[in-house]
Amino acid sequence: MRSVVITGASRELGRASADFLYFLGWQVVAAMRSVDAGLARLRAATGAAQGDPRLIGVKLDLMDLASIPATANAIEAAVGAPEVLVHNAGLAAAGGAEDTPLEAWQQLFATNVFGPVALTQILLPGMRAKGRGRIVAVSSVGGTRGMPGISAYSASKGALERW
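In this report, we go over the structure that sits alongside the text.

Cut-offs applied
Residues numbered from 1 in each chain as written. Predicted model: local features only at pLDDT ≥ 70, side-chain atom pairs only at ≥ 80, totals over all residues. Heavy atoms only, no water. Salt bridge = Lys/Arg side-chain N within 4 Å of Asp/Glu carboxyl O. Helix = DSSP H or I, 4+ residues; strand = E, 2+ residues; numbered from the N terminus. Patch = residues over 30% accessible without salt bridge, like charges linked within 9 Å, V, L, I, M, F, W, Y side chains within 5 Å. Areas by Shrake-Rupley, 256 points an atom, 1.4 Å probe, with all protein chains shown as cover. Lys, Arg positive; Asp, Glu negative; His and termini not counted. Charge placed at Lys NZ, Arg CZ, Asp CG, Glu CD. Phe/Tyr/Trp six-rings, centres within 6.5 Å; stacked < 30°, edge-to-face > 60°. Buried < 20%, exposed > 50% of the residue type's maximum accessible area, 1.4 Å probe, protein only. Axes fitted to C-alpha atoms, helices over the stretch in contact; angles between N-to-C directions. Parallel < 35°, antiparallel > 145°, perpendicular 65-115°, else oblique. Left-handed = near helix turned anticlockwise from the far one by under 90°. Contact = heavy atoms within 4.5 Å. Pairing = 2+ DSSP bridges. Core = buried A, V, L, I, M, F, W, Y, C linked by side-chain atoms within 4.5 Å.

Describing the pattern of salt bridges
This structure, assessed with the given rule, holds 3 salt bridges. Between Lys130 and Glu83 there is a salt bridge, with its nearest N and O atoms 2.7 Å apart. Taken together, the residues Lys130 in helix α4 (residues 102-130) and Glu83 in the loop between α3 (68-79) and β4 (84-87) connect sequence positions 47 residues apart. Overlapping salt bridges bring together Glu83, Lys130 and Arg132 as one network.

Printed below as a string of structure tokens:
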């Protein structure tokens, strides 16, 4: 069975992607901060029963880099090396460069760049050993074209784009 890991799978684009791939027959590993609430939304949307082996929730907080190895271990225990890893989770912040606190910059880069890199570094060797796989990074027009008023967000998505 083909497996996909989707970060930020509890809401919006991540949830829509998880729903769609579940309906196509994929085994979906939904990585999110609030697993119980997120899985409840996914089950309601897909009709999946509790315990359905094609819909698995794992806790992921990209701002907590120390927790990412445990998330990767949970993913590998559930599905082995996934066929697809979708970096969808993201954080946004509005404000000019001089108005955005350094802490906001750190949170944006942790969520939008450093967390995805850390998760990929752990999962990629298994994907390579399997001999196949894809990594998808969801970005934004703000990452391809910097925009005033969202400079920190644009910078983080630009870094994700270049990575």
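With respect to a positive patch on the surface
A surface patch of like charges, here positive, comprises Arg11, Arg33, Arg41 and Lys59. Along the polypeptide, Arg33 turns up in the loop between β2 (27-32) and α2 (35-46).

With respect to the packing of aromatic side chains
Any two aromatic rings considered together are summarised by their centre-to-centre distance and by the angle between their planes. Taken as a whole and judged by the stated rule, the model has 3 aromatic pairs. Ring centres 6.2 Å apart and planes at 70° place the aromatic pair Tyr22 and Phe23 in the edge-to-face group. Under the relative-accessibility criterion, Tyr22 is labelled buried at 7%. Taken together, a centroid distance of 6.5 Å and an interplanar angle of 10° make the contact between Trp105 and Phe109 stacked.

Some thoughts on the packing of helix α1 (residues 12-23) against α2
Axis separation between α1 and α2 bottoms out at 10 Å; the angle between their running directions is 45°. Taken together, α1 and α2 sit at an angle that is classed as oblique. Considering the relative orientation of α1 and α2, their crossing is right-handed. Note on element contacts: α2 touches α1 through Arg41, Leu42, Ala45 and Thr46, opposite Arg15, Ala18, Asp19, Tyr22 and Phe23.

Quick notes on unusual backbone geometry
In this model, Glu12 sits at a positive phi of 50°, which is unusual for a non-glycine residue. Among the structural elements, Glu12 can be located in helix α1.

Observations concerning the sheet that holds strand β3 (residues 55-59)
One open sheet accounts for 5 strands, arranged β3-β2-β1-β4-β5; its pairing is parallel. Looking at which strands have only one partner, the edges of the open sheet turn out to be β3 and β5 (134-137). Averaged over all pairs of adjacent strands, the angle between their axes in this sheet comes to 15°, without regard to strand direction. As judged from the 3 bridges shared by strand β1 (residues 3-7) and β4, these two strands associate in the parallel manner. Note that in β4 the partner of Val4 across the bridge is Val84. Taken strand by strand, α1 contacts β1, β2 and β3, and its axis lies near 165° from that of β1. Here α2 sits on the sheet and contacts β2 and β3; the angle it forms with β3, its principal contact strand, is near 160°.

Examining the environment of Ile75
As for its placement among the helices and strands, Ile75 is situated in helix α3. A residue is classified by how much of its surface remains accessible, and Ile75, at 0% relative accessible area, is buried. Taking the C-alpha atoms as reference, Ile75 lies 8.8 Å from Ala31; in sequence the two are 44 residues apart. Filtering out sequence-adjacent residues up to four positions away, Ile75 remains in contact with Val5, Val29, Val58, Gly80, Leu119 and Leu123.

Things to note about the nonpolar core
Val4, Ile6, Val28, Leu42 and Leu55 are the most contacted members of the largest nonpolar core, which totals 17 residues. Elements that contribute at least two residues to this core include exactly β1, α1, β2, α2 and β4. Discounting chain neighbours no more than four positions away, the residues touching Val4 are Leu21, Trp26, Gln27, Val28, Val29, Val84 and Val86. Among the nonpolar cores identified, the runner-up in size contains 16 residues, and Val5, Val29, Ile68 and Ala72 belong to it.

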